[in-house]
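Now for the letters of each chain:
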Amino acid sequence: MTDSKYFTTTKKGEIFELKAELNSDKKEKKKEAVKKVIASMTVGKDVSALFPDVVNCMQTDNLELKKLVYLYLMNYAKSQPDMAIMAVNTFVKDCEDPNPLIRALAVRTMGCIRVDKITEYLCEPLRKCLKDEDPYVRKTAAVCVAKLHDINAQLVEDQGFLDTLKDLISDSNPMVVANAVAALSEIAESHPSSNLLDLNPQSINKLLTALNECTEWGQIFILDCLANYMPKDDREAQSICERVTPRLSHANSAVVLSAVKVLMKFMEMLSKDLDYYGTLLKKLAPPLVTLLSAEPELQYVALRNINLIVQKRPEILKHEMKVFFVKYNDPIYVKLEKLDIMIRLASQANIAQVLAELKEYATEVDVDFVRKAVRAIGRCAIKVEQSAERCVSTLLDLIQTKVNYVVQEAIVVIKDIFRKYPNKYESVIATLCENLDSLDEPEARAAMIWIVGEYAERIDNADELLESFLEGFHDESTQVQLQLLTAIVKLFLKKPTETQELVQQVLSLATQDSDNPDLRDRGYIYWRLLSTDPVAAKEVVLAEKPLISEETDLIEPTLLDELICYIGTLASVYHKPPSAFVEGSRGVVHKSLPPRTGSSESAESPDAAPSAGQAAEQPAVIPAQGDLLGDLLNLDLGPPVSGPPLAASSVQMGAVDLLGGGLDSLLRSDVGGSPAMGGSGFTAPGPAAPAAMGAPLGSGLGDLFDLTGGVGTLSGSYVAPKTVWLPAMKAKGLEISGTFSRQVGSICMDLVLTNKALQVMSDFAIQFNRNSFGLAPAAPLQVHAPLAPNQSVEISLPLNTVGSVMKMDPLNNLQVAVKNNIDVFYFSTLYPLHILFVEDGKMERQMFLATWKDIPNENEAQFQIKDCSLNADAVSSKLQGSNIFTIAKRNVEGQDMLYQSLKLTNGIWVLAELCIQPSNPSFTLSLKCRAPEVSQYVYQAYDAILKN
Amino acid sequence: MKMIHSLFLINCSGDIFLEKHWKSVVSQSVCDYFFEAQEKAIDVENVPPVISTPHHYLISIYRDKIFFVSVIQTEVPPLFVIEFLHRVADTFQDYFGECSETAIKDNVVIVYELLEEMLDNGFPLATESNILKELIKPPTILRSVVNSITGSSNVGDTLPTGQLSNIPWRRAGVKYTNNEAYFDVIEEIDAIIDKSGSTVFAEIQGVIDSCIKLSGMPDLSLSFMNPRLLDDVSFHPCIRFKRWESERVLSFIPPDGNFRLISYRVSSQNLVAIPVYVKHLISFKENSSSGRFDVTIGPKQNMGKTVEGVVMTVHMPKAVLNMNLTATQGSYTFDPVTKVLAWDVGKITPQKLPNLKGIVNLQSGAPKPEENPSLNIQFKIQQLAISGLKVNRLDMYGEKYKPFKGVKYITKAGKFQVRT
């Protein structure tokens with residue numbers, strides 16, 4: 001009697017038999033047959049061949065049969081659009097049925113059939129259903145508008161459905177309101193600019209009322225919608241919070257988390273002195289903790305969100321450490337998240353408990369978990385100074401267990417502890433050295449080598465130890481090789497007499513026998529440094545290192561604030577803004593926390609403005625970051641590719657590398673370095689070093705800067721105002737704005753780097769992707785001193801056009817990667833074409849005439865330059881400043897005709913005829929060129945130059 | 001917000017046995033990413049619930065040996081999806097008595113109808129069991145016989161009454177000859193006890209599950225002797241929050257049938273009584289292929305009630321080959337493949353404490369195991385809510401009849417773990 005009978009097949013060809021049954025006269029047999037078809041569908045079998053037969057069963061008064069046929073239709077209509085049209089009449093008829101259940105079912109199913117022809121017929125029934133007397137039909141119709149919008153957005157707008165949908169927000173039935181809100185939110189997602197959800201105090205009030213009455217799912221939609229509202233002052237924020245707090249006790253965890261999002265966001269506007277602020281903080285803790293007693297999947301999402309919340313407002317959960325203690329049978333993904341939060345909550349008050357737990361975890365079975373637990377002990381030591389000693393002794397205990405991976409992790413973290421508390425715990429070095437032989441992971445080996453090099457003077461047999469590593473030099477990973485090189489150089493500088501041979505050996509291994517350019521470069525720079533000025537070498541290599549920062553894995557404040565606005569979404573699970581990963585997120589609007597207000601400051605306060613501005617600027621950033629990344633990552637982010645590999649340039653390269661050198665690749669190995677960076681071997685230099693090296697290096701290039709800097713004020717090629725290319729939100733606090741200029745034959749990229757993060761930025765480097773005209777930096781990006789928070793620096797980066805060429809779309813698109821000590825960032829920008837107009841672009845008259853005739857007419861392009869009131873002479877001189885040369889001027893019937901030429905850096909000539917009527921502010925520009933695809937961009941350049 | 005694009009049900013051996021698409025059809029091959037993650041996780045419980053693939057996100061839950069894998073295409077609240085998936089599983093359980101591959105396959109058409117009714121274009125439509133049951137009748141042997149004779153269907157053809165009212169969880173026209181209201185106060189103790197027997201962490205997760213079979217539109221209020229215990233509570237939507245805030249009384253018009261009224265947490269700040277203690281000695285000798293195992297379980301602070309249904313499970317270290325033990329009470333098994341020792345103790349009588357003792361055989365030559373196994377204990381105490389929560393009275397308004405009322409208390413071990 002069960003449905004499994006529907007799965008049995010006969011030998012005779014199943015489809016054939018089903019066809020016969022579907023066409024049977026007996027109702028019961030028909031229904032059984034449709035059920036069989038549905039059963040096949042559930043397991044992914046293709047039964048689309050039965051389409052006409054199934055559709056024939058649609059005309060029935062049996063609701064179950066009708067539903068089954070509809071189920072089938074939804075699955076297969078797309079593949080059989082012509083057949084699907086057969087169903088339309090029945091749909092339209094059903095939309096008029098006296099039974100609201102059938103009306104709703106029909107309109108709902110029609111919306112699911114994604115066939116253009118059907119959607120045309122959908123409009124009328126949908127319009128009726130949106131105004132149906134039965135709320136069940138209205139709420140179904142509301143959702144249907146969203147479906148239709150997804151298929152044909154234009155149609156929905158033309159038919160005025162959006163307005164009807166907006167009206168439904170004021171519907172008397174809370175279910176209808178919830179669905180209307182959900183539908184509008186969905187539509188708004190694909191239309192960020194359309195002010196669809198026009199939230200004002202009145203509509204907010206309606207939503208809050210509906211919130212109390214609608215189903216749990218509707219509550220989620222409404223809460224998510226509320227979160228996008230910007231209250232006008234703290235009083236309004238408080239009153240919304242008061243009405244949202246009861247949701248914290250809802251049994252549905254998604255409702256709870258959406259409520260938390262609203263509260264976290266609006267709390268930002270409340271003054272911390274307010275009593276209510278404290279009450280709210282207290283109310284937030286219990287529901288968050290309760291989420292942790294739910295199913296493990298829910299726990300995981302909750303934990304990822306709690307991770308954000310404790311970074312933003314640690315006070316909420318500071319007393320709840322124990323609920324994050326790991327249970328033996330938690331799934332591993334829950335365990336790892338809990339560990340993370342435990343460290344974030346660790347403080348002097350609870351550190352003893354935390355350490356005891358971590359020590360317990362370090363003896364568990366799961367290797368990943370154990371490793372993370374050992375690391376966590378190290379992080380505690382760095383975070384809570386008072387506990388450092390206990391942490392070190394715990395780590396030593398763990399090393400005594402001799403469990404291989406525990407020992408290795410412990411050594412890696414002890415290295416960090418040395419950097420945080422220098423000259424305090426070096427007594428343990430002897431214990432560490434005992435375990436030298438058991439280290440087989442590169443990171444642990446590198447850490448150990450760093451320790452030996454750094455404290456060579458305290459380790460009697462440091463030379464022997466390092467020598468033992470040197471034996472298998474070529475089999476080591478790059479990380480270890482670089483570390484070993486640096487460590488031996490350090491050793492040599494500390495004990496020069498005994499280790500001369502060793503240093504010679506490592507330098508020759510690195511420079512002569514290695515294929516790795518990073519290693520070679522570092523080898524060369526050490527070699528040169530040691531041979532020219534050992535004192536300087538000592539200052540550089542043994543420079544005092546900055547202490548490592550307290551918490552290395554905190555999310556950048558700008559990003560954190562954005563993520564708080566996305567609590568409960570996928571973004572909060574991935575800890576990335578949706579724009580970074582959601583496919584096809586067209587112009588995602590960046591959300592930002594409301595500014596804290598007194599009571600007068602409104603939402604339009606300047607604080608809020610920048611984020612909106614950045615959102616508007618977004619088109620400059622290529623949406624499909626994926627391919628850009630792929631392309632740029634293949635390039636080595638090093639100094640410029642131009643110029644022959646002269647000694648000077650190799651010194652430069654070495655220098656950059658040295659700064660980033662051995663010291664730091666090790667020191668920061670677990671701090672920053674994305675794998676991509678590690679691969680390119682371009683490691684982060686310590687901030688102290690650039691100051692030392694900057695001056696001598698920059699001297700040659702300084703001249704160049706002076707030159708360009710000086711000319712910049714003279715009249716010259718038109719320079720557009722700077723625009724933001726890389727918003728801080730996308731680049732962990734680094735904001736880049738810039739423009740392009742051309743002065744006396746040299747192209748410059750004028751940049752302003754602004755540090756909007758909390759930490760110092762250093763070690764900047766820039767790299768272009770291949771582009772249409774081979775633009776490439778002619779010198780490395782020189783930022784002479786580390787960039788302190790809130791500091792800006794202006795840089796003029798000289799460019800040349802000898803880089804590799806690849807046609808871009810649009811043609812003047814330039815993809816840029818900028819690196820600093822934090823990460824590598826990518827953006828793309830469009831450069832105005834006139835920076836490529838060369839100074840010798842004036843063509844001989846005869847030549848001009850001949851060429852004009854020679855270029856076929858289909859290569860001619862015409863453009864209108866509107867709203868320009870200059871006269872012919874002014875135009876001519878203005879254009880000449882940007883290397884567009886007037887060859888002849890004629891007056892034909894009161895019109896001035898200018899004949900002009902220009903040449904691009906790659907030798908392409910462009911000929912122009914500019915027609916100016918004195919009375920008409922609109923000029924006509926005709927362009928002829930053998931490569932007509934540039935015309936459009938030349939026109940854009942004309943337009944820009946003439947209008948500025 | 002186009003929430004769930006498709007749903008795949010996958011069994012433990014990796015067969016996709018049901019798929020449902022709410023928009024266009026997504027190829028089964030998208031599950032390959034899931035299988036990959038599953039392989040990496042080794043243990044089924046460890047498959048991460050959110051997986052990203054080049055074009056989709058897979059959000060999954062693992063329930064009753066079935067993976068519910070949903071395919072998502074846009075930014076969506078994962079909790080929304082996970083809650084919904086659990087609701088789907090609950091509905092299957094409710095309809096078919098169990099949420100298993102066989103049950104689902106046996107009722108595939110109903111399953112499909114249910115899924116269609118529960119979600120429309122990513123918007124959950126009807127997830128309340130009361131409403132669903134009016135739209136689609138659950139299968140019973142009797143009904144399928146009747147249906148096949150009379151040709152009637154199991155799809156309701158009138159609009160469910162609760163669907164649009166302000167109490168969507170209750171259907172109208174409920175009628176019983178015996179009117180009953182039962183409440184089960186169930187408390188689970190989650191605890192971590194360290195080697196020395198002191199409590200590292202303990203809390204009580206409590207729920208009140210109700211079975212209400214009352215005619216008409218009863219309006220109930222439930223009050224407690226000590227409502228202060230409940231400071232962290234999650235409510236069923238039927239509960240009037242304002243009444244609770246002001247009077248600490250649970251006031252509600254109940255759904256019909258079984259449902260969870262509230263769940264609550266009594267945290268470690270309040271003292272959580274631990275009803276059992278464990279004395280243990282598990283040691284492995286250096287350079288020898290054996291070890292000792294000696295565990296005794298005893299009752300404490302159980303307010304005169306008997307601790308029963310005691311089961312202890314231990315994941316022994318990998319190096320353990322076999323165990324030779326004697327139990328003074330109950331029986332034990334050791335699975336040499338999974339290394340799980342399970343001791344079914346039964347009831348604890350304070351006069352004669354159950355003990356399990358003997359020799360552990362290790363792989364010869366293997367190093368002495370570093371980790372000490374954790375003991376997971378299960379137990380049950382009838383007629384006791386360990387937090388001390390007590391129902392004071394239940395009053396009914398709105399209806400005239402006199403219902404049968406009953407409250408049952410039970411305390412169980414949740415994640416109760418003793419470190420050694």
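Residues numbered from 1 in each chain as written. Chains lettered and ligands numbered in written order. Predicted model: local features only at pLDDT ≥ 70, side-chain atom pairs only at ≥ 80, totals over all residues. Heavy atoms only, no water.

An unreviewed UniProt entry annotates chain B as AP-3 complex subunit mu-1 originating from Gallus gallus. For the record of chain B, the UniProt heading Sequence similarities (unreviewed entry) holds the text "Belongs to the adaptor complexes medium subunit family." UniProt annotates chain B under Function (unreviewed entry) with the comment "Part of the AP-3 complex, an adaptor-related complex which is not clathrin-associated. The complex is associated with the Golgi region as well as more peripheral structures. It facilitates the budding of vesicles from the Golgi membrane and may be directly involved in trafficking to lysosomes." (UniProt positions renumbered as here; feature names shortened; annotations may be inferred.)

Q: Outline the overall build of chain A, supporting the account with residue identities and numerical values.
A: Scanning chain A from terminus to terminus reveals 41 helices and 13 strands. Among the 948 residues that make up chain A, the fraction classed as buried is 59%. Sequence-distant contacts, at least 24 apart, represent 68% of the contacts inside chain A between residues at least 6 apart. Carbon and sulfur atoms make up 51% of the accessible area of chain A, which totals about 37,300 Å². (Helix = DSSP H or I, 4+ residues; strand = E, 2+ residues; numbered from the N terminus. Buried < 20%, exposed > 50% of the residue type's maximum accessible area, 1.4 Å probe, protein only. Contact = heavy atoms within 4.5 Å. Areas by Shrake-Rupley, 256 points an atom, 1.4 Å probe, with all protein chains shown as cover.)

Q: Could you give an account of helix H11 (residues 161–168) of chain A, with specific residues and numbers?
A: A:Phe161, A:Leu162, A:Thr164, A:Leu165 and A:Leu168 are the residues of H11(A) that are buried. Mapping the buried residues of H11(A) onto a view down its axis gives an arc of 160°, with all of them on the same face. (Arc of directions from axis to C-beta.)

Q: Lay out the sheet that holds strand S1 (residues 723–726) of chain A in plain terms, naming residues and giving numbers.
A: Residue and element names in this part refer to chain A. What the five strands build is an open sheet, ordered S1-S2-S3-S6-S5; its pairing is antiparallel. The open sheet terminates on both sides in strands that have one partner only, identified here as S1 and strand S5 (776–777). Relative to strand S2 (residues 734–743), S1 runs antiparallel, the two sharing three bridges. Paired with leucine 726 across the strands is isoleucine 736, a residue of S2. (Pairing = 2+ DSSP bridges.)

Q: Requested: an account of the interface of chain B and chain A, with residues and values cited.
A: Each side of the interface is counted separately: chain B has 95 residues, and chain A has 98 residues. Our count for the chain B to chain A interface comes out at ten salt bridges. A:Glu360 serves as the salt-bridge partner of B:Lys195, at 3.9 Å between the closest nitrogen and oxygen. With eight residues, helix H2 (residues 78–96) of chain B is the single largest residue contributor to the side of chain B that touches chain A. (Salt bridge = Lys/Arg side-chain N within 4 Å of Asp/Glu carboxyl O.)

Q: How would you explain the pairing of strand S12 (residues 909–916) of chain A if you had to name every residue and give the values?
A: Residues and elements named next belong to chain A. For S12, the buried fraction is high: seven of the eight residues fall into the buried class. Of the pairings in the sheet, the one linking strand S11 (residues 895–903) to S12 comprises eight bridges and is antiparallel in character. Directly across from serine 901, in S12, lies its bridge partner leucine 911. Here S11 folds back onto S12 in antiparallel fashion, the turn holding five residues, of which glycine 907 has a positive phi close to 90°. If you look at the hairpin formed by S12 and strand S13 (residues 923–929), you'll find six residues sitting between the two strands.

Q: Mind laying out the confidence of the model for chain B, listing which residues take part and the relevant values?
A: Scored by pLDDT, chain B comes out at a mean of 86, with 92% of its residues at no less than 70. Both scores are available for the predicted complex, with the pTM at 0.69 and the ipTM at 0.84. (pLDDT = per-residue confidence, 0-100.)

Q: Now, about the pattern of salt bridges: what can you tell me, with residues and values included?
A: Throughout the structure, instances matching the rule amount to 59 salt bridges over all chains. A salt bridge links A:Lys261 to A:Asp224, with the shortest nitrogen-to-oxygen separation between them at 3.1 Å. One end of the pair, A:Lys261, is in helix H16 (residues 253–267); the other, A:Asp224, is in helix H14 (residues 216–226), with 37 residues separating them in the sequence. Overall, the relative accessible area of 11% leaves A:Asp224 in the buried class. The salt bridge involving A:Lys338 is made with A:Asp330; its shortest N-O contact spans 2.8 Å. Because the salt bridges share partners, they merge into one network encompassing A:Lys67, A:Arg108, A:Lys147, B:Lys20, B:Glu116, B:Glu117 and B:Asp120.

Q: Please set out the packing of helix H13 (residues 201–213) of chain A against helix H15 (residues 234–244) of chain A residue by residue, giving values where relevant.
A: Helices that pack against each other are described as a pair by the angle of their axes relative to one another and the distance between those axes. All names here are of chain A. Taken N-terminus to C-terminus, the directions of H13 and H15 make an angle of 15°; their axes are 10 Å apart at the nearest point. Looking at the two axes, H13 sits roughly parallel to H15. Between H13 and H15 lies a crossing whose hand is left-handed. Of H15, the residues touching H13 (which contributes Pro201, Ile204, Asn205, Leu208, Thr209 and Leu211) are Glu236, Ile240, Arg243 and Val244. Residue composition of the contact of H13 with H15, grouped by class: six nonpolar, two polar and two charged. (Axes fitted to C-alpha atoms, helices over the stretch in contact; angles between N-to-C directions. Parallel < 35°, antiparallel > 145°, perpendicular 65-115°, else oblique. Left-handed = near helix turned anticlockwise from the far one by under 90°. Nonpolar A, V, L, I, M, F, W, Y, C, P; charged D, E, K, R; others polar.)

Q: Any details on the pairing of strand S18 (residues 331–335) of chain B? Residues and values, ideally.
A: Residue and element names in this part refer to chain B. Strand direction decides the pairing type here: S18 and strand S19 (residues 340–346), joined by five bridges, are antiparallel. Bridge pairing links aspartate 335 to valine 340 in S19. Hairpin connection of S18 to S19: four residues between the antiparallel strands, including lysine 339 at a positive phi of 65°.

Q: Kindly report on the nonpolar core, identifying the contributing residues and their values.
A: With 280 residues, the main nonpolar core has B:Phe68 and B:Phe92 as its most contacted residues. The contacts of B:Phe92, once residues within four sequence positions are left out, are B:Leu9, B:Phe68, B:Gly97, B:Glu98, B:Cys99, B:Ile104, B:Val111, B:Leu114 and B:Leu115. (Core = buried A, V, L, I, M, F, W, Y, C linked by side-chain atoms within 4.5 Å.)

Q: With reference to specific residues and values, describe unusual backbone geometry.
A: A:Asp809 connects to A:Pro810 through a cis peptide bond whose omega is -5°. If you trace the backbone, A:Pro810 turns up in the loop between strand S6 (792–800) and strand S7 (813–819). Backbone geometry places A:Lys402, a non-glycine residue, at a positive phi of 65°. Residue classification places A:Lys402 among the partly exposed positions, given a relative accessible area of 48%. In this structure, B:Gln383 takes a positive phi of about 60° despite not being glycine.

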